[in-house]
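Residue strings, one per chain:
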Amino acid sequence: MDVSWRSWLANEGSKHLFLFAWLSLNVWLFWKTFFLYYQGLQYYYLHQMLGLGLCVSRASASVLNFNCCLVLLPMCRVVLAFLRGSWKVASRKTRRLIDKSKTFHVTCGVTICFFSALHVAAHLVNALNFSENYNEDFLALNAANYRGEDPRKLLFATVPGLTGVIMVLVLFLMCTASTYAIRVSNYDIFWYTHNLFFVFYMLLMLHVSGGVLKYQTNLEEHPPGCFNPNKTLQQNMTVPKALEDLFPTYTTEPFPEDLAVPEPFAQDSFVRICSEDPKFQSHFPETWFWISGPLCLYCVERLYRYIRSNKPVTITSIISHPSNVLEVRMMKDSFKARPGQYVILHCPRVSALESHPFTLTMCPTDTKATFGVHLKVVGDWTERFRDLLLLHSNQDTEILPMFQQRRYPKLYVDGPFGSPFEESLNYEVSLCVAGGIGVTPFAAVLNTLLDDWKCYKLRRLYFVWVCRDIESFHWFADLLCMLHNKLWQENRPDYINIQLYLSQPDGIQKIIGEKYQALNSRLLVGRPRWKLLFDELAKCNRRKTIGVFCCGPNKISKILHKLSNSNNSYGTRFEYNKESFS
């Protein structure tokens, strides 16, 4: 197989194939249910009464049940982190599929929105049909109370109708607040509206309990299309040939000798005689079967996460870095994490409900229990959090001694949870590209290599960090220099290739004097020439698989993704990975 084709299949191709398969599965389920109900209506001679609206509404409902069942599974983060561990899932390809959980969640959400619109449109038609085509023969099947009833009563004065209207409003809020523009501009709106999913599911369980759909309970005593001598004679009620397999076969009963056989029935090949009127009973809500399992799993996981994170952490130190970056170092009993993972921070004094994810920049090891995160102060939550932690909001870079620390607010940590960057140590060669504060996932990797690099599969690391201002490099300048010096002392200077880029220079600048001389020689002005970089990597690592990891602006991510799928003449394959919280 051609290298470019394999790279495309490993990166972008798998996504396209999944979307095609998912679309095909939903379309197949829709049409399968549609024809099943359409044949049933023909069998009962109700297709003229109800039309195609009922078929479309039931077909779209089956697709909605399927997607509402699966949309919660990617949000079971503890389960995914459990499966994400290398000892649980041995295949790297399988673990990379788990990393697509957010894509799967979004795909299910979009599918729910589309088929919800179709479901609503079908029920608007159904409301008109039930009102105008009131059936005197099957009173139990009528949703309306009388012919010509106002359809708005069916929509706003019944349990299925009213819950459906409220669900549409909730779904509209969730969908609009999930757009990229709102998530970036005001994450609080996205967070609060997305938590309305619990209201949506409760309404969904009430929505399907209205008992609108019914089935006949006495098929043997009253076969569909039968002849009842006590009622008006119906002509030519022979069951269509294509529908005979859907229902059990009933033995033909002869007419009584003293009853004259009507001419239309004498011409038929068989006659079915009923002994009583049809009886109907409401269906048990199938939706409950679909959503009860995933909903219970999600609730159990949330309960487990609450119990696991109900004890506040011990904050050991606070470091204020340049460019509005705050470092928080903490300790927690029995806390274990792998480089590349992230945690969710919750500070009740900042917000009683809000929680935010942050990548671990320092993981606990066998020798130290401290772990830490770096957070950039860019919003209301981080601003309030910074003001609570720092003695003075205008402090310069410093580690506050323990005797100077005030009483820190309670901070709760939920996690850790898995991310694609856990794989960076499982490649023989990895390319890590960071943009600004996007360096945080790689900081944990660098800290881990500083402790011990020999126990991992990784044998060469290309580290590219792009920042707008020179001060941002101070965040991890000490860490980079310590790792560089350690590898030189162990005669492995080629283990890591560091490239620092200052995208918006302000004259000729250096990081800091003699202390960071190793980094000064690796500081370049301008932006990386990505094509040349990939060509160099392919040439130096012939016929190898290189893991490409990116955490930064979408513009850089798209370029790296495209280059990872491109062809090269050295047989080198690139596998692209990207971190994203938004």
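Structure report, in brief. (Residues numbered from 1 in each chain as written. Predicted model: local features only at pLDDT ≥ 70, side-chain atom pairs only at ≥ 80, totals over all residues. Heavy atoms only, no water.)

**Quick look at the overall build of the protein**
Point 1. In terms of regular secondary structure, the protein is built from 19 helices and 14 strands.
Point 2. Every one of the 582 residues in the protein was classed for burial, and the buried ones make up 49%.
Point 3. In the protein, 75% of the contacts between residues at least 6 apart in sequence involve partners at least 24 apart.
Point 4. For the protein, the exposed surface amounts to about 30200 Å²; the carbon and sulfur share of it is 59%. (Helix = DSSP H or I, 4+ residues; strand = E, 2+ residues; numbered from the N terminus. Buried < 20%, exposed > 50% of the residue type's maximum accessible area, 1.4 Å probe, protein only. Contact = heavy atoms within 4.5 Å. Areas by Shrake-Rupley, 256 points an atom, 1.4 Å probe, with all protein chains shown as cover.)

**Considerations on the pairing of strand S5 (residues 342-346)**
Across a regular strand the side chains alternate sides, sitting on one face of the sheet and then on the other.
Point 1. Judged by how many residues are buried, S5 sits mostly within the fold: five of five residues are covered.
Point 2. Burial along S5 is two-sided: the residues Tyr-342, Ile-344 and His-346 and Val-343 and Leu-345 are all buried.
Point 3. Across four bridges, the pairing between S5 and strand S6 (residues 356-362) is antiparallel. Paired with Leu-345 across the bridge in S6 is His-356. (Pairing = 2+ DSSP bridges.)

**So, the pattern of salt bridges**
Point 1. Under the counting rule described, the total for this entry stands at 12 salt bridges.
Point 2. Measuring nitrogen to oxygen at the nearest pair gives 2.7 Å for the salt bridge that ties Asp-414 to Arg-305. In this pair, Asp-414 is assigned in strand S8 (residues 412-417) and Arg-305 in helix H13 (residues 286-308), connecting sequence segments 109 residues apart.
Point 3. For Arg-338, the salt bridge identified is with Glu-422, shortest N-O distance 2.6 Å. Linking Arg-338 in the loop between strand S4 (325-331) and S5 with Glu-422 in the loop between S8 and strand S9 (429-435), this pair joins segments that are 84 residues apart in sequence.
Point 4. Here Glu-422 falls in the buried class, since its relative accessible area comes to 9%.
Point 5. Overlapping salt bridges bring together Glu-301, Arg-305, Arg-308 and Asp-414 as one network. (Salt bridge = Lys/Arg side-chain N within 4 Å of Asp/Glu carboxyl O.)

**Thoughts on H13**
Point 1. Look at H13: 34 Å from first C-alpha to last across 23 residues, which is about the 33 Å you get at 1.5 Å a residue.
Point 2. What H13 keeps buried is the set Thr-287, Ile-291, Pro-294, Leu-295, Tyr-298, Glu-301 and Arg-305.
Point 3. If you follow the buried residues of H13, they end up packed against helix H3 (53-70), helix H4 (77-84), helix H11 (197-207), S5 and S8. (Expected span 1.5 Å × (residues − 1).)

**Focus: the sheet that holds S8**
Point 1. Read across the open sheet, the six strands follow the order S3-S4-S7-S6-S5-S8; overall the sheet is antiparallel. Each edge of the open sheet is held by one strand with a lone partner, namely strand S3 (314-321) and S8. Shown here is a sheet whose adjacent strand axes are inclined to one another by a mean of 35°, direction ignored.
Point 2. Packed onto the sheet, helix H15 (residues 440-451) meets S6 and strand S7 (371-376) and runs at close to 30° relative to S6. (Axes fitted to C-alpha atoms, helices over the stretch in contact; angles between N-to-C directions.)

**As for a nonpolar patch on the surface**
Point 1. Side chains of Leu-73, Val-79, Phe-82, Leu-83 and Leu-297 sit close together on the surface and give an oily, nonpolar patch of about 390 Å² of accessible area.
Point 2. It is H4 that contributes the most residues to the nonpolar patch, three residues altogether.
Point 3. By secondary structure assignment, the location of Phe-82 is in helix H4. (Patch = residues over 30% accessible without salt bridge, like charges linked within 9 Å, V, L, I, M, F, W, Y side chains within 5 Å.)

**Here's the deal with the nonpolar core**
Point 1. In terms of nonpolar packing, the biggest core is built from 39 residues, with Leu-449, Phe-463, Trp-465 and Leu-500 touching the most fellow members.
Point 2. Put simply, the parts of the chain that give this core at least two residues each are S9, H15, strand S10 (460-467), helix H16 (477-489), strand S11 (496-502) and strand S13 (545-551).
Point 3. Among the nonpolar cores identified, the runner-up in size contains 33 residues, and Phe-30, Val-71, Leu-72 and Val-170 belong to it. (Core = buried A, V, L, I, M, F, W, Y, C linked by side-chain atoms within 4.5 Å.)

**Here's the deal with the side chain of Asn-26**
Point 1. If you trace the backbone, Asn-26 turns up in helix H1 (residues 3-43).
Point 2. Relative accessible area serves as the criterion here: at 1%, Asn-26 is assigned to the buried category.
Point 3. Apart from the residues within four sequence positions on either side, Asn-26 is in contact with Val-63, Phe-66, Asn-67, Thr-111 and Phe-115.

**Points about the packing of aromatic side chains**
Point 1. Following the criterion strictly, the structure yields 28 aromatic pairs and no others.
Point 2. On the basis of an interplanar angle of 80° and a centroid distance of 5.0 Å, the ring pair of Phe-421 and Phe-442 is categorised as edge-to-face. One end of the pair, Phe-421, is in the loop between S8 and S9; the other, Phe-442, is in helix H15, with 21 residues separating them in the sequence.
Point 3. Taking the relative accessible area as the measure of exposure, Phe-442 reaches 2% and is therefore buried.
Point 4. An aromatic cluster of three or more residues is present, and its members are Phe-421, Tyr-427, Phe-442, Phe-463, Trp-465, Phe-473, Trp-475, Phe-476 and Phe-549.
Point 5. The ring of Phe-417 carries Arg-77 above its face, with NZ or CZ at 5.9 Å from the centroid. (Phe/Tyr/Trp six-rings, centres within 6.5 Å; stacked < 30°, edge-to-face > 60°. Lys NZ or Arg CZ within 6 Å of the ring centre and 35° of its normal.)

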